[in-house]
Amino acid sequence: MFYLRDFPDEKIFSRLQQDYPHLDPVAVSSFLRLLVVGSEFLDRLDRFLADYGITHGRWIVLILLWRREDPKALPSELAQEQGVTRATMSGLLRQLERDDFVHRQDDPADGRKAAVILTEQGADLINRIMPDYYDLVNRLMAPLAVDEQAGLTDALNKLLGCNI
């Protein structure tokens with residue numbers, strides 16, 4: 001998480017540019033605000049999901065399964081889609097299995113593989129969460145007009161596509 005309330009102002013940037021001439025005040029200012037907003041939104045999402053007794057890591061696994069036409073996947077596929085290691089995914093799946101939100105089904109063709117399947121209880125949890133989740137998203141994004149939200153999406157997609 002990245003929390004900051006005292007953003008650098010023009011005076012601070014002017015002083016810093018003396019030592020760091022490549023410093024771009026607009027880029028730094030935007031970057032810091034993006035980190036703070038992302039951290040605050042993620043913190044708000046974590047608190048929201050905690051009211052349902054689930055972490056956002058486990059919730060994402062359920063969402064990945066729920067949005068598929070066929071709500072099953074290999075653990076390695078889920079790990080890749082979520083951007084986590086296979087070991088992390090194994091831990092998430094163990095917890096979800098323990099809570100009966102997913103179960104594993106052995107592959108009859110290859111006994112070493114097992115697909116993860118969303119259970120009825122997992123789908124029920126998602127269906128309970130989603131209306132309130134969409135309300136939360138709407139409240140968080142409400143300060144921006146629809147065209148500003150679309151512009152933000154475009155800008156963020158550009159940042160997601162950059163090769164660092």
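Here, the structure is the one placed above.
All values derive from a computational prediction rather than experimental measurement. (Residues numbered from 1 in each chain as written. Predicted model: local features only at pLDDT ≥ 70, side-chain atom pairs only at ≥ 80, totals over all residues. Heavy atoms only, no water.)

Enquirer: Can you explain the layout of surface pockets? Please cite residues and give values.
Expert: Over the atoms, a rolling probe the size of a water molecule traces out where space has been left empty. Approximately 640 Å³ is the volume found for the largest pocket. For the largest pocket, the lining is made up of 24 residues, of which V37, G38, F41, L42 and M141 are closest to its centre. Where the lining of the largest pocket is concerned, the elements lending two or more residues are α2 (25–50), α3 (56–66), α6 (120–141) and α7 (146–161). The greatest single-element share of the lining of the largest pocket, amounting to eight residues, is contributed by α2. Its residues assigned to classes, the lining of the largest pocket shows 18 nonpolar, three polar and three charged. A volume near 170 Å³ is recorded for the second largest pocket. Every residue lining the second largest pocket is listed: L74, P75, S76, R86, S90, R104, R112, K113 and A114. Sorting the residues of the lining of the second largest pocket by element identifies α4 (75–82) and α5 (86–98) as the ones contributing at least two each. For the lining of the second largest pocket, a count of residues per class yields three nonpolar, two polar and four charged. (1 Å grid on protein atoms, 1.4 Å probe; cavity = no way out; pocket = protein on both sides within 12 Å on 5 of 7 lines; lining within 4 Å. Points joined across faces, edges and corners; volume = space filled by probe spheres on them. Helix = DSSP H or I, 4+ residues; strand = E, 2+ residues; numbered from the N terminus. Nonpolar A, V, L, I, M, F, W, Y, C, P; charged D, E, K, R; others polar.)

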